Amino acid sequence: MPSEATEACMYRGEEIFSCKQCGDCCKGYGGTYVSQTDVEAIAAYIGTEPERFAERYCTKSGDRLVLVQQESGFCIFWKDRMCGIHPVKPKMCKAWPFIRNLIVDPDNWENMASMCPGIRKGVPAEVVQKCVENMLGSE
Ligand code: SF4
Ligand code: SF4
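To keep things clear, this report deals only with the structure shown in the data block. (Residues numbered from 1 in each chain as written. Chains lettered and ligands numbered in written order. Predicted model: local features only at pLDDT ≥ 70, side-chain atom pairs only at ≥ 80, totals over all residues.)

## Quick look at the site of ligand 2
Rules: Defining nearness, a residue is near a molecule or strand when the C-beta atom obtained from its backbone falls within 6 Å of it. Polarity classes work like this: nonpolar for Ala, Val, Leu, Ile, Met, Phe, Trp, Tyr, Cys and Pro, charged for Asp, Glu, Lys and Arg, and polar for all others, with Gly in that last group.
Taken together, 12 residues lie near ligand 2, and Cys26, Cys75, Trp78, Cys83 and Cys93 sit nearest. Classifying every residue of the shell around ligand 2 by side-chain character gives 10 nonpolar, one polar and one charged.

## Comments concerning the packing of helix H2 (residues 36-46) against helix H3 (residues 50-57)
Applied cut-off: Throughout, an axis means a line fitted to C-alpha atoms (over the contacting stretch in the case of helices), and angles, computed between N-to-C directions, take values from 0 to 180 degrees. Helix and strand definitions here come from DSSP, where helices need a minimum of 4 consecutive H or I residues and strands a minimum of 2 consecutive E residues; each element is numbered from the N-terminal end. Roughly parallel means an angle under 35 degrees; roughly antiparallel means over 145; roughly perpendicular covers 65 to 115; every other angle is labelled oblique. This entry defines residue contacts through backbone-placed C-beta atoms, with two residues in contact when those atoms are within 7 Å.
One way to put it is that H2 packs onto H3 with a least axis distance of 9 Å and a crossing angle of 95°. With respect to each other, H2 and H3 are oriented roughly perpendicular. Facing Val39, Glu40, Ile42 and Ala43 of H2, the residues of H3 in contact are Pro50, Phe53 and Ala54. In the contact of H2 with H3, the residues fall into six nonpolar, no polar and one charged.

## So, H2
Let me state the cut-off plainly: Exposure in this text rests on C-beta crowding, where 20 or more other C-beta atoms within 10 Å of a residue's own make it buried, 12 or fewer make it exposed, and counts in between make it partly exposed. The C-beta atoms are placed from the backbone. Directions from the helix axis toward the C-beta atoms define the arc.
Listed in full, the buried residues belonging to H2 are Asp38, Ala41 and Ile42. For H2, the angular spread of buried residues about the axis comes to 95°, placing them on one side. Looking at the residues trailing H2, positive phi occurs at Gly47, about 80°.

Laid out in structure tokens, this is it:
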């Protein structure tokens, strides 16, 4: 599920990520956080109210909302090997794997690569940081 940000980085020639469409990032890994903006966008997309969406499709992780998972461990919106809410999927899904945390902790890229087969290993920290900064600059 390459994001717009991912494609932008690849377009700039970084080529440190290429999604294999395996779906692993939609399974487990501590949950998919949703902001209030995400909640409102997804609720509108599936035709319900934000409050009802939060009750039906979210649970709490600390004081934050995360999407619930199916028994299989996949996200509730994972269906037929695709994201069922792709146009409005949460910000963290759109950004993956270029997440803000990597600017201060680029070494985490290697940990992420062990979970995501689309992430190239052995990428210099400064390249990881540059790509993430480029993506965040367009937010
Ligand atoms: S785990 Fe990585 S390679 Fe697999 S679908 Fe997610 S982003 Fe793509
Ligand atoms: S919202 Fe879509 S992209 Fe995000 S974890 Fe769920 S199925 Fe995957």
